[in-house]
Amino acid sequence: VTSRDVKIEDKIYQADEWMNTPSIILSNIPRRLHLQQDHPVAITRQLIESRFPDYKTHNNLFPVVTVGQNFDSLGFPADHIGRSRTDTYYLNKSTVLRTHTSAHQADTFRANESAGYLISADVYRRDAVDRSHYPIFHQMEGARVWDRDALDAGKSFAQTVWEDVAKIPKHSITVEDPNPSFHSERNPLQDGHSAEEVEAMGAHLKRSLEDVVVAIFNAAKSAAADAGETPDTPADEPLKVRWVEAYFPFTSPSWELEVYWQGDWLEVLGCGIVKQSILDNAGVPNKLGWAFGIGLDRIAMLLYWIPDIRLFWSTDPRFLSQFSSTAPIQRFVPFSKYPACFKDVSFWLRSSTSAAGGLSRNATTTSHDFHENDVMEIARDVCGDLVEDVRLVDEFVHPKTGRRSMCYRTNYRSLERTLTNEETNELHGRFCQQLVEKLGVELR
Ligand code: PHE
């Protein structure tokens, strides 16, 4: 067991063999883009917060949490894929960088400071490298509860909630909501929750979030209109929004909201009725309520027409000077598109059966320890923000040896300048070398 200390701001953690967090991630923890004045992620946060004036905001929660907070308290099964070291950054066996703001649900319910709350924070996931994925992004969690033991005389829980539904601003968009609010197999009610109670809380949740989405997309549309109509974005195209059924271990029933944007249905948030076990364990078993989680970076990209998620991390004034929390939203004007340069790398995966020699019938066991996210991480580690995209372009299994070959294409591009040939060759050379050293692959 290797043991070493990891210092994150003023806290020290003892790393063990679970540690898989590279220094490039650790060094970006202090950035807190959701709090940076006039940053598009911060402006998006403020825009959403303004739709929930009575909710208590928590914007400074520390990103290092326990496995208990991030997974156990929310009812994630022991074998859930989200817990794996290929998907989540660990510091040690019981400590992770939070993968979602839901990690703070149980503690916030336990603190019991307000009926409604919003938590905005940086979250961390090992993932693909492309223009809409970055290992650090930002989420906002929202929740609202009602107390069954504190109802006005003569009013039922459902009546109380419906009165709050009536206070949410009205909107005029058409929302598709084809499914029943709950379904005994696909999206069940919880024990102890009546249909009336869930109908009322579901309506409050859906109306609240529709109000947010209307506010966001109206702001985005006025930006588009200011920039002039283009064929794929007629400025007067009505906003199309739909609710779909979903699943989360910590809500039931659960839903997702999708918005039609430039020809595609985009999933913008997940939500549902909070699992009663979470409220029971948090010492507030008399409360019932809903929660949602929304990704701020993707929303900010839509709002401002930002073409690449890496731009959020830029400190270039040509980027940052284009945003203001007091001015109306305007489309981002790319300052330049510097040339891209792609390079391929092909390799054989380490073969655990080749030692047996000859014909292996057990080809699948040769690659059981390979995970694409490891390739992505090496690319980020070597190239930082100079890599735009990494993707698998070819894969095959040798018919005789059973060995698997992969070919990845890496697109190199700086957002701020033109890369020289020597630079790209040097980056690619180090990338290939790290693939060999860290993953044990054999270059072809
Ligand atoms: N935490 C969920 C995610 O990251 C989103 C969510 C939050 C869903 C709260 C339901 C309730 O995908």
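Conventions we followed
- Residues numbered from 1 in each chain as written.
- Predicted model: local features only at pLDDT ≥ 70, side-chain atom pairs only at ≥ 80, totals over all residues.
- Helix = DSSP H or I, 4+ residues; strand = E, 2+ residues; numbered from the N terminus.
- Rg over C-alpha atoms; globule rule 2.2 N^0.38 Å.
- Contact = placed C-beta atoms within 7 Å.
- Expected span 1.5 Å × (residues − 1).
- Buried ≥ 20, exposed ≤ 12 C-beta atoms within 10 Å, placed from the backbone.
- Arc of directions from axis to C-beta.
- Core = buried A, V, L, I, M, F, W, Y, C linked by C-beta atoms within 7 Å.
- Near = placed C-beta within 6 Å.
- Nonpolar A, V, L, I, M, F, W, Y, C, P; charged D, E, K, R; others polar.
- Pairing = 2+ DSSP bridges.
- Axes fitted to C-alpha atoms, helices over the stretch in contact; angles between N-to-C directions.
- Parallel < 35°, antiparallel > 145°, perpendicular 65-115°, else oblique.
- Left-handed = near helix turned anticlockwise from the far one by under 90°.
- Domains from an automatic or database assignment.

Here we come to the overall build of the protein chain. A tally of helices and strands in the protein chain yields 11 helices and 17 strands. In terms of overall dimensions, the protein chain is globule-like: its C-alpha atoms have a radius of gyration of 24 Å, near the 22 Å expected for 444 residues. For the protein chain, the spread of C-alpha atoms along the three principal axes comes to 80 × 55 × 45 Å. When contacts within the protein chain are restricted to residue pairs at least 6 apart in sequence, long-range pairs at least 24 apart make up 70% of them.

On to helix α11 (residues 421-439). Between its first and last C-alpha, α11 extends 26 Å over 19 residues, near the 27 Å set by a 1.5 Å rise per residue. Every buried residue of α11 is accounted for by Thr424, Leu427, His428, Phe431 and Leu435. Each buried residue of α11 lies within a common arc of 95° when the element is viewed along its axis, so the set occupies one face. In α11, the exposed positions angled more than 90 degrees off the buried face are occupied by Glu422, Gly429 and Glu437. Looking at the buried residues of α11, the elements they touch are β14 (341-348), α10 (372-383) and β16 (404-412). Remark: Gly440 follows α11 within two positions and exhibits a positive phi of approximately 70°.

Residues Val213 and Trp290 are the most contacted members of the largest nonpolar core, which totals 75 residues. Per-element tally for this core: the top contributor is helix α6 (residues 195-226), with 10 residues. Residue contacts for Trp290: discarding those within four places in its chain leaves Ala143, Arg144, Met201, His204, Leu205, Cys271, Gly272, Ile273 and Val274.

Our next topic: the site of the ligand. His100, Ser102, Glu141, Phe248, Thr251, Gly270, Cys271, Gly272, Ala291, Phe292 and Gly293 make up every residue found near the ligand. Sorting the residues of the shell around the ligand by element identifies β12 (264-274) and β13 (287-295) as the ones contributing at least two each. Partitioned by chemical class, the residues of the shell around the ligand number four nonpolar, six polar and one charged.

A few words on the pairing of β14. As paired elements, β14 and β16 share eight bridges and run antiparallel to each other. Across the sheet, Phe342 pairs through a bridge with Asn411, a residue of β16. The pairing of β14 with strand β17 (residues 442-443) spans two bridges and is classified as antiparallel. By the bridge assignment, Phe347 is partnered in β17 with Leu443.

Cis geometry is found at the peptide bond from Ser252 to Pro253, where omega equals -10°. Here Pro253 shows up in strand β11 (residues 251-261). For Glu9, which is not glycine, the phi dihedral falls at a positive 50°. Topologically, Glu9 is positioned in the loop between β1 (4-8) and β2 (11-15).

This part is about the packing of α10 against α11. Packing of α10 against α11 leaves a shortest axis separation of 9 Å and a crossing angle of 135°. By the angle between their axes, α10 is oblique relative to α11. For the crossing formed where α10 meets α11, the hand is right-handed. Mapping the contact onto sequence places Asp374, Val375, Ile378, Ala379, Val382 and Cys383 in α10 and Leu427, Arg430, Phe431, Gln434, Leu435, Lys438 and Leu439 in α11.

Bringing the sheet that holds strand β3 (residues 56-58) into the picture now. Reading across the sheet, the eight strands line up as β3-β7-β8-β13-β12-β11-β10-β9 and stay open at both edges, with mixed pairing between neighbours. What marks the edges here is a single partner per strand, and that holds for β3 and β9 (175-176). In terms of strand pairing, strand β10 (residues 241-248) meets β11 through seven bridges, oriented antiparallel. Bridge pairing links Ala246 to Ser254 in β11. Relative to β13, helix α8 (residues 296-304) is tilted by about 55°, and along the sheet it contacts β7 (116-124), β8 (136-147), β11, β12 and β13.

Next up on the list: the environment of Leu33. Looking at the element boundaries, Leu33 is found in the loop between α1 (23-28) and α2 (40-49). Residues Leu33 and Tyr90 lie 57 residues apart in sequence; the distance between their C-alpha atoms is 22 Å. Residues within four places of Leu33 in sequence aside, it is in contact with His39, Val41, Ala42, His138 and Phe312.

Let us now look at the pairing of β16. With burial as the criterion, only one face of β16 is covered, namely that bearing Arg404, Met406, Tyr408, Thr410 and Tyr412; the residues Ser405, Cys407, Arg409 and Asn411 on the opposite face remain uncovered. Inspection of the sheet shows strand β15 (residues 387-397) paired to β16 by nine bridges, in the antiparallel sense. The residue of β16 that forms the bridge with Leu392 is Tyr408. Linking β15 back to β16 in an antiparallel pair, the connection comprises six residues, with Gly402 at a positive phi of about 75°.

All right, on to the sheet that holds strand β5 (residues 90-92) then. Within a sheet, neighbouring strands are paired by backbone hydrogen bonds and run either parallel or antiparallel to one another. Sheet architecture is open: three strands sit in the order β4-β6-β5, paired in antiparallel fashion. Unpaired on one side and paired on the other, β4 (64-66) and β5 mark the two borders of the sheet. In this sheet, neighbouring strand axes are inclined to one another by 30° on average, regardless of whether the strands run parallel or antiparallel. Direction of pairing for β4 relative to strand β6 (residues 95-97): antiparallel, over a ladder of three bridges. Following the sheet pairing, Thr66 is matched in β6 by Thr95.

Further remarks concern the domain arrangement of the protein chain. Per the domain assignment, the segments of the protein chain are domain 1 (32-63 + 98-320) and domain 2 (341-443). Each partner contributes to the interface: domain 1 provides 13 residues, whereas domain 2 provides 12 residues. When its residues are assigned to classes, the side of domain 1 that touches domain 2 shows five nonpolar, one polar and seven charged.

Where α2 contacts α8, the two axes come as close as 9 Å, and the packing angle between them is 95°. On the basis of their axis angle, the class for α2 and α8 is roughly perpendicular. Here Pro40, Val41, Thr44 and Arg45 of α2 come into contact with α8, specifically with Leu296, Asp297, Ile299, Ala300, Leu303 and Tyr304. Residues of the contact of α2 with α8, tallied by class, amount to seven nonpolar, one polar and two charged.

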